[in-house]
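Here's the letter readout for the chains.
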Amino acid sequence: MLSLDDRLRAALAEDLGRGDVTTRSTVPAATPARAEFLLKQPGVLSGLDVAARVYALLDPAVTVTWTARDGDRRERGVIGVVSGPARSVLGGERVALNLLQRLSGVATLTRAYADALAGSRTRLLDTRKTTPLWRDLEKDAVRHGGGVNHRVGLDDGILIKDNHIVAAGGITPAVRAAREGAYLLKVLCEVPDLAGLEEAIHAGADRVMLDNFSDEQLAEAVARRDRLAPHVTLETSGNVTLDRLPRIAASGVDFVSAGALTHSAAALDISLNFLPTPVFPALQESLS
């Protein structure tokens, strides 16, 4: 796994290439700058430390000061200030903003989903439907928005899905093989219907994922679980929309997982606006 710094350096290299020709052509090297990060719509913030790290890696002479923290819900206004050499502030602007906007968008959408479940026993989970190489940051953003992380990768949990079931020859052989092959790990199994739920319970699954169940099917699944194996937890996925979440929670399922938190979140509208600088010695000298 590449470190965060390695990924940020690669992102900067992708954007800067051989150098910011526009800035080098228009802004004298000694020009100082001060700019504000401006939140232009209500949302939940995430990625503040990441954006600051972009600048730290680009130029240690740049400083970033935030007036908010990850997880804060803000309406609009200034959330931070960056100052330092103008060329560096401009050079890191796009990478810092892209990450800040993207991660805050994930946190904001997660918060809306979590609010829709407020007061219920149902917990909101993310998925692995994340941007390649940025999964850890997007899962951080889910937590900042009030969600709970599902497995991070294929190596930290057993989740038997439809294709595993086909390849293994059915729900029962798949669950039993998983229990024997990785007996220290909990076994999660996805099922398409109520018959599959009962089969997974009898085979020894610790959690059953109810895929694309209707509201009525969810309620029946909870009733059957309570009767057959109260210790088994239930998770629903598929067709999870914001307006449907209160009905999902009313069914009594333990978890709801939503890929939309990371694959469909809209970037939060945040800009970086330069403030007037009273003295530009290098510029004044070049014009005199």
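Please read these numbers as outputs of a predicted model, since none were measured by experiment.

**Some details on the environment of arginine 128**
With respect to the helices and strands, arginine 128 occurs in the loop between β6 (123–125) and α5 (135–144). For arginine 128, a relative accessible area of 33% gives the class partly exposed. A sequence separation of 22 residues divides arginine 128 from histidine 150, and the C-alpha atoms of the two residues are 8.0 Å apart. In this view, arginine 128 contacts Arg135, Arg151, Val152, Gly153 and Leu154; residues no more than four positions away in its chain are not counted.

**Points about the sheet that holds β6**
Across a sheet, paired strands are connected by hydrogen bonds in the backbone, their directions being either parallel or antiparallel. Spatially, β6-β11-β10-β9-β8-β7 is the arrangement adopted by the six strands of the open sheet, whose pairing is parallel. At either margin of the open sheet sits one strand with a lone partner, and together these are β6 and β7 (158–160). Pairwise comparison of adjacent strand axes, ignoring direction, gives a mean angle of 25° for this sheet. The pairing of strand β9 (residues 207–211) with strand β10 (residues 233–237) spans five bridges and is classified as parallel. Residue pairing for β10: leucine 210 is matched across the bridge by threonine 236. The sheet strands contacting helix α7 (residues 171–181) are β7 and β8 (187–191), and the helix crosses β8 at an angle near 165°.

**Some remarks on the UniProt feature "domain: Quinolinate phosphoribosyl transferase C-terminal" (unreviewed entry) in the protein**
Using the residue numbers shown here, the UniProt feature "domain: Quinolinate phosphoribosyl transferase C-terminal" (unreviewed entry) corresponds to residues 106–272. Summarising residues 106–272: 44% helix, 16% strand, and an end-to-end C-alpha distance of 20 Å.

How each quantity is defined
- Residues numbered from 1 in each chain as written.
- Predicted model: local features only at pLDDT ≥ 70, side-chain atom pairs only at ≥ 80, totals over all residues.
- Heavy atoms only, no water.
- Helix = DSSP H or I, 4+ residues; strand = E, 2+ residues; numbered from the N terminus.
- Buried < 20%, exposed > 50% of the residue type's maximum accessible area, 1.4 Å probe, protein only.
- Contact = heavy atoms within 4.5 Å.
- Pairing = 2+ DSSP bridges.
- Axes fitted to C-alpha atoms, helices over the stretch in contact; angles between N-to-C directions.
- UniProt positions renumbered as here; feature names shortened; annotations may be inferred.

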